[in-house]
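# Survey of secondary and tertiary structure
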Amino acid sequence: MTNATVPLTRRRFLETARRDLWWVQPLLILLVLGSFGVYATWAAFQGKNYTWGPYLSPFYSPELFGDSPHAIFGAQPGWWPGWLRFSPALLILPFPLFFRMTCYYYRGSYYKAFWADPPACTVGEPRQKYLGERYLPLVLQNVHRYFMYFAVGFILILAWDVWKALWWTDPATGATSFGMGLGTILLAVNVVCLAGYTLGCHSLRHIVGGWRDQFSRKPGFRVPYRCVSCLNAKHHRWAWVSLFTVGFSDIYIRLCATGVLHDLRIF
């Protein structure tokens, strides 16, 4: 048998033989993720207009310190550095932020869109050699499993926020009554979407599977593994939908707090 030698050639940056619109997907991801990052950063540093009535923005929940009735430990802490403008969100957002940044799906998305590493399959990339995730800073991606624990806890906290969003206080009498507004529904939908994204996490699937690669040794873990796998199969969709719901929830509450919108009271 004759062996053929095929030379290995490295493509120049963005060089490709593809004739499809391969650049559309990374461009959309760049615009969407970039826009969300800009808005989330702006909203986090505002430190105001994040609550209205019984509603609390998911960007600020749980509110550990703050001026709203939702604050658990009271106003701004004395240990906060004077050179940094205080915002309750700065104590909260790093946890869901790092959970998403280290997510297996989001890695594949922003590696292509922001770093062009590579921009798409069979498209030339700017780097000269492959280092994987063994060195700084990419080795820090391994913390994903630990931030997953915090993300699961946030689902429970945000679900509690939905319950609190069902109780309205009359400013004149101080009496509390049960009711529902459009904001309540938005917060509830956000919890469902965040739960679908978080509970479909690859790391969580490994945990509920009993930390095993073979179920023959731990057959009792098959059921929870399959449940998480159902969500994991659509993990990319939950990732994008939950990104929009959490952002829109903050926007809606902010617009209500500033008087731009009036919350629709259902009952």
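Keep in mind it's a predicted model, so treat the numbers as computed, not measured.

### A word on the packing of helix 5 (residues 182-198) against helix 8 (residues 235-257)
Look at helix 5 against helix 8: their axes get within 8 Å of each other, and the N-to-C directions meet at 155 degrees. As the angle between them shows, helix 5 and helix 8 are arranged roughly antiparallel. Judged by the sense of rotation from one axis to the other, the crossing of helix 5 with helix 8 is left-handed. Contacts between helix 5 and helix 8 involve L182, G183, L186, L187, V189, N190, V192, C193, L194, G196 and Y197 on the former and, on the latter, H235, W238, A239, V241, S242, T245, V246, F248, S249, Y252 and I253.

### With respect to the environment of V123
If you trace the backbone, V123 turns up in the loop between helix 3 (104-115) and helix 4 (144-164). Each C-alpha atom, one on V123 and one on T184, is 46 Å from the other, the two residues being 61 residues apart in sequence. Not counting residues within four places of it along the chain, the set of residues in contact with V123 comprises L14, E15, T16, R18, W22 and P118.

### With respect to the packing of aromatic side chains
Taken as a whole and judged by the stated rule, the model has 27 aromatic pairs. For the pair F36 and F59, a centre-to-centre distance of 6.3 Å together with 85 degrees between the ring planes defines the contact as edge-to-face. Placement of F36 in helix 1 (residues 24-46) and of F59 in the loop between strand 2 (55-56) and helix 2 (94-101) is noted, with a sequence separation of 23 residues between them. Take F36: its relative accessible area is 21%, and that puts it in the partly exposed class. Centre to centre, the rings of W52 and Y55 are 6.0 Å apart; their planes meet at 40 degrees, and the pair counts as tilted. Note on W52: relative accessible area 29%, which makes it partly exposed. Every member of this aromatic cluster is reached through a ring pair, and the members are F65, F73, W79, W80 and F86. Residue placement shows R265 over the ring face of W168; its charged tip is 4.3 Å from the ring centre.

### Structural notes on the nonpolar core
If you look at the biggest cluster of nonpolar residues, it comprises 21 residues, and the most contacted ones within it are L33, F99, Y106, M148 and Y197. Secondary-structure elements contributing two or more residues to this core are helix 1, helix 3, helix 4, helix 6 (202-208) and helix 8. No other element matches helix 3, which puts 4 residues into this core. Each residue touching L33, except ones within four places of it in the same chain, is listed here: Y106, Y110, F114, W240 and L243.

### Regarding a nonpolar patch on the surface
Nonpolar side chains collect at one region of the surface, where W160, W163, W167, F178, I185, V189, L264, I266 and F267 lie side by side and expose about 900 Å² of accessible area between them. Take I266: it is sitting in the segment after helix 8. According to the relative accessible area criterion, I266 is partly exposed, its value standing at 42%.

### Description of the layout of surface pockets
Counted as a void, the largest pocket has a volume near 810 Å³. Lining of the largest pocket is provided by 34 residues; of these, F36, L93, P96, L97 and R100 occupy positions nearest its centre. Where the lining of the largest pocket is concerned, the elements lending two or more residues are helix 1, helix 2, helix 3, helix 4, helix 5 and helix 8. If you tally residues by element for the lining of the largest pocket, the top one is helix 1, at 8 residues. In this structure, the second largest pocket spans a volume of roughly 210 Å³. What lines the second largest pocket is F98, M101, T102, Y110, W115, P137, L138, L140, Q141, V143 and F147. Here the lining of the second largest pocket is built from residues that sort into 9 nonpolar, 2 polar and no charged.

### Some remarks on empty space enclosed by the protein
By rolling a water-sized probe across the atoms, one finds the places where empty space is left. Under the definition given, this model contains 1 cavity of 30 Å³ or more. In this structure, the largest cavity is lined by L56, S57, P58, L158, D161, V162, L187, N190 and V191. Those elements that place two or more of their residues in the lining of the largest cavity are helix 4 and helix 5. Class assignment for the residues of the lining of the largest cavity results in 6 nonpolar, 2 polar and 1 charged.

### Section: helix 7 (residues 222-232)
Considered for burial, the residues of helix 7 that qualify are V228, S229 and N232. Take helix 7 and look down its axis: the buried residues cluster within an arc of 110 degrees, on one side only. Seen from the buried face of helix 7, the exposed residues on the opposite side, beyond 90 degrees, are V223, R226 and C230.

Conventions adopted
Residues numbered from 1 in each chain as written. Predicted model: local features only at pLDDT ≥ 70, side-chain atom pairs only at ≥ 80, totals over all residues. Heavy atoms only, no water. Axes fitted to C-alpha atoms, helices over the stretch in contact; angles between N-to-C directions. Helix = DSSP H or I, 4+ residues; strand = E, 2+ residues; numbered from the N terminus. Parallel < 35°, antiparallel > 145°, perpendicular 65-115°, else oblique. Left-handed = near helix turned anticlockwise from the far one by under 90°. Contact = heavy atoms within 4.5 Å. Phe/Tyr/Trp six-rings, centres within 6.5 Å; stacked < 30°, edge-to-face > 60°. Buried < 20%, exposed > 50% of the residue type's maximum accessible area, 1.4 Å probe, protein only. Lys NZ or Arg CZ within 6 Å of the ring centre and 35° of its normal. Core = buried A, V, L, I, M, F, W, Y, C linked by side-chain atoms within 4.5 Å. Patch = residues over 30% accessible without salt bridge, like charges linked within 9 Å, V, L, I, M, F, W, Y side chains within 5 Å. Areas by Shrake-Rupley, 256 points an atom, 1.4 Å probe, with all protein chains shown as cover. Salt bridge = Lys/Arg side-chain N within 4 Å of Asp/Glu carboxyl O. 1 Å grid on protein atoms, 1.4 Å probe; cavity = no way out; pocket = protein on both sides within 12 Å on 5 of 7 lines; lining within 4 Å. Points joined across faces, edges and corners; volume = space filled by probe spheres on them. Nonpolar A, V, L, I, M, F, W, Y, C, P; charged D, E, K, R; others polar. Arc of directions from axis to C-beta.

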